Amino acid sequence: MPSDSPISRSMECDVLIIGSGAAGLSAAVTAAFHGQKVILVEKDPVLGGATAWSGGWMWVPRNPLARRAGIEEDIEQPRTYLRNELGKHYRADLVDAFLEACPHMVGFFEQHTALQFVDGNGIPDMHGNTPGAATGGHQVIAAPFDAREVGALLPRLRKTMRETSFMGMPIMAGADLAAFLGMTRSLRAFAYVTKRFGAHLYHLARYGRAMHLVNGVALVGRLAKSADDLGVRMLESAPAKRLLVEDGRVCGAVIQHAGAELSIRAKAVVLAAGGFPNDPERRKAMFPRDASGYDNLALPPSACSGDGLRLGEAVGGLVADDLKSPVAWAPVSKVPYPDGSVGHFPHIIDRGKPGVIGVLRNGKRFVNEAGGYYDYVSAMVEAVPEGEEACSWLICDHRFQRRFGLGFARPAPIPLWPYVRNGYLMRGNSIEQLAGKCGIDPVELANTVAEFNQHARKGEDPLFGRGSTPFNRRSGDPLHNGPNPCVTPIEQGPFYAVKVQPGCFGTFAGLRTDSQARVLNADGQAITGLYAAGADMASVLGGHYPSGGINLGPAMTFGYIAGCHIAGVPVESRDIPAANSAFPRA
């Protein structure tokens, strides 16, 4: 159905998708490819959901890109890793459905849609000491995308998150990011960055936005392009108000659109509205240390506010309350802007670099800073005494800040003074002076830094073992002149600190489903016609965070599983008619 055809007050389709992030678009493209008439509705005025603001990585073991690179592993390896990571939260039916579908999902999109991938074969699993942990081959990311290829869809797509871009220019993890971090140490990197930024300035002047799409915006752009070309009708500014139910079967939904209610009848509905990171009431009830419902700093757009969960509960679905964590933690700092607004910056890159530590108000370290972002916040929340504000400070010296940047305060040659003047960065000529400005115990902080430096000069961290796993070392600096890419002394003043608070990439506590992504009722029976994927689906991994990309990997995969199940085709089917393929493999 053409995207610009007129809208009546009632519509019909085979599949109604609620939400336009990775899960919703994955389900829409899969179902449409297999001959289903699909309508997708999005609450926000732009498409992309939280996915557009993400790093875009997907954890999908045994994917075709890894296999083509010679990385062959039996399904038992990731299964062993997850069994040991998840413990009592391991659900064999969901884990097996996910692991078995991963290679087929990637292969389907790669062969039959505009979604092409770049491998993350060098990225290790987060917990390298867990049996089954892989040193690579589990991750993929959407290939960079020229925004001109999406045509008229471009204004309908969410732009990249301003805190993680530079003047609106998204930077891709890997070689792209390495060039930006190394531009003051390498002529080749400097030339690359100059060319890249020059092209971005041209795009801003001509198109008013970034046109070289990477990370989450590339994933959304490629999926939206695929959906549009397959005839998926996508409606923005169209929040779902309630589900339609007849004879115990979900048969559509009522949508608010263009100032009136629109009834859309469908044989199946997929809830993919982004979970509840911006629902203060459910956050108060489920998040630890969030008494107000606003204490933690959510990274997803405000529209991710629990709509899918409420819709599912209204027809008998249940939100999981037995997970290890209801929230996908991320360490976040507040970014003040001149207009009075406040942004949220996720500390993903800086913590593993050599020359920075994280401390609490008592001046003491509490975690291996080079570990996973989820682990950093989990340890912080556990270490801060009840009644105190859950927060920490990242502490570094001038050399570190100029080389790597600290949070939103960019590295050289970007000027440093604006971040100090607006209060984002605290600065002190001595460690004790810095501690006083932050409200940290000055004696303990000085002792902590002195002890850290004593061991760091030898490339060691006996307290937390920083640099001891492949994931740690991958997070460090490959150009560091020393035995440990994650460790070096903090000693060249002035010294800097940024306050870090609990934040999140999204939520894990979604609706309980079976292995076909069908929403289950209180009796454990599937609610006919109702599916959930992404953050509206209870975490496949039981609220654990065993590796980067475990939000988008299952979101894409269970969106694909739902689309296949609705269309009545097996997940592993390779016998796809060529006539349906709108996109020959690149």
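Residues numbered from 1 in each chain as written. Predicted model: local features only at pLDDT ≥ 70, side-chain atom pairs only at ≥ 80, totals over all residues. Heavy atoms only, no water.

A.B. asks: Mind laying out the packing of aromatic side chains, listing which residues take part and the relevant values?
C.D. replies: Under the definition given, this model contains 19 aromatic pairs. Ring geometry for Y373 and F505: centres 5.2 Å apart, planes at 80°, overall edge-to-face. You can see Y373 sitting in helix 10 (residues 373-383) and its partner F505 sitting in strand 22 (residues 495-507), a full 132 residues away along the chain. Under the relative-accessibility criterion, Y373 is labelled buried at 11%. Linked through ring pairs, Y337, F345, F408, Y419 and Y424 together constitute an aromatic cluster. (Phe/Tyr/Trp six-rings, centres within 6.5 Å; stacked < 30°, edge-to-face > 60°. Helix = DSSP H or I, 4+ residues; strand = E, 2+ residues; numbered from the N terminus. Buried < 20%, exposed > 50% of the residue type's maximum accessible area, 1.4 Å probe, protein only.)

A.B. asks: How would you explain the side chain of Q139 if you had to name every residue and give the values?
C.D. replies: Looking at the secondary structure, you find Q139 in strand 6 (residues 139-142). Within polar-contact distance, the side chain of Q139 engages the backbone oxygen of G548 at 3.2 Å. Sequence-distant contacts of Q139, that is, excluding residues within four places in its chain, are made with W57, M58, W59, N63, D119, G120, N121, I123, S547, G548 and G549. (Polar contact = N/O pair within 3.5 Å; in protein donor to acceptor, adjacent residues only side chain to side chain. Contact = heavy atoms within 4.5 Å.)

A.B. asks: Got a sec to walk through the confidence of the model for the protein? Specific residues and values, please.
C.D. replies: Summing up the model confidence of the protein, the mean pLDDT is 93 and the portion of residues at 70 or higher is 96%. Between residues 1-6, whose pLDDT stays under 50, and residues either more than four places distant or in other chains, the model counts eleven contacts. For the stretch residues 575-586, pLDDT sits under 50, and the model shows 24 contacts to residues farther than four places along the chain or on other chains. (pLDDT = per-residue confidence, 0-100.)

A.B. asks: Residue-level account of helix 7 (residues 215-229), with values.
C.D. replies: The first and last C-alpha atoms of helix 7 sit 22 Å apart over 15 residues, in line with the 21 Å expected at 1.5 Å per residue. In terms of burial, helix 7 is a largely internal element, twelve of the 15 residues being buried. Taken as a whole, helix 7 has its buried residues at N215, G216, V217, A218, L219, V220, G221, R222, L223, A224, S226 and A227. Positive phi appears at G231, one or two residues downstream of helix 7, with a value of about 90°. (Expected span 1.5 Å × (residues − 1).)

A.B. asks: How would you explain helix 10 if you had to name every residue and give the values?
C.D. replies: Three- or four-residue spacings in an α-helix give side chains the same orientation, since the helix completes a turn every 3.6 residues. Burial in helix 10 covers these residues: Y373, Y374, Y376, V377, A379, M380 and V381. Buried-residue contacts for helix 10 involve strand 17 (327-336), strand 19 (356-359), strand 20 (392-397) and strand 22.

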